[in-house]
Amino acid sequence: ENYEISKSIGKAILKFDKNLIYVCLPMTQMEKAGRDLKMRVACEIFADRNYEDNGNLVSRKLPNALITDPNEALKNVISMIREKSIISSSGKRIPCSIDTICLHGDGKTALEIANMLKIGLINENIKLKRLTEIVKQ
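Note that the structure is predicted; figures quoted are calculated from it, not measured. (Residues numbered from 1 in each chain as written. Predicted model: local features only at pLDDT ≥ 70, side-chain atom pairs only at ≥ 80, totals over all residues. Heavy atoms only, no water.)

Could you give an account of the sheet that holds strand β2 (residues 40-46), with specific residues and numbers?
Spatial strand order, β1-β2-β5: three strands in an open sheet with parallel pairing. Either end of the sheet is taken by a strand with one partner, and the two such strands are β1 (21-24) and β5 (100-102). On average, each strand axis in the sheet is tilted by 35° relative to the strand beside it, whichever way the strands run. Sheet topology note: the β1/β2 ladder contains four bridges and is parallel. (Pairing = 2+ DSSP bridges. Helix = DSSP H or I, 4+ residues; strand = E, 2+ residues; numbered from the N terminus. Axes fitted to C-alpha atoms, helices over the stretch in contact; angles between N-to-C directions.)

See the structure below:
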């Protein structure tokens, strides 16, 4: 949410290794800072989280923050990829870049969601690639 902090993070990444990819939520100050710094930026959506209407993640303090049903996670991810938009809990579409999908490994159904995503995305003819193959400088 803070451009100066996001830019400082970006500068630290560049200083450490200019070939690293700045992975961030779409349409955030992190994405803006990374692009302003001419970095390799990858916008990430979450398979196991719900979104607010402003594109931010629903707070984990709320009961609807997590998606635990593998079928729901797959359906949501496919919709976001096809529509090139974050889809909020209310159904609002927020157009954005999507380069990568995050899945939290500490969830009770993380393994099931991961398996469902791989099979489901391939079945939908969505080609899986290494991040380095799609993110250009």
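Further notes follow.
Outline unusual backbone geometry, listing residues and values.
Positive phi, normally seen in glycine, also occurs at K38, with a value near 60°. Mapping K38 onto the fold places it in the loop between α2 (29-36) and β2. A relative accessible area of 68% means that K38 is categorised as exposed. In this structure, K84 takes a positive phi of about 50° despite not being glycine. (Buried < 20%, exposed > 50% of the residue type's maximum accessible area, 1.4 Å probe, protein only.)

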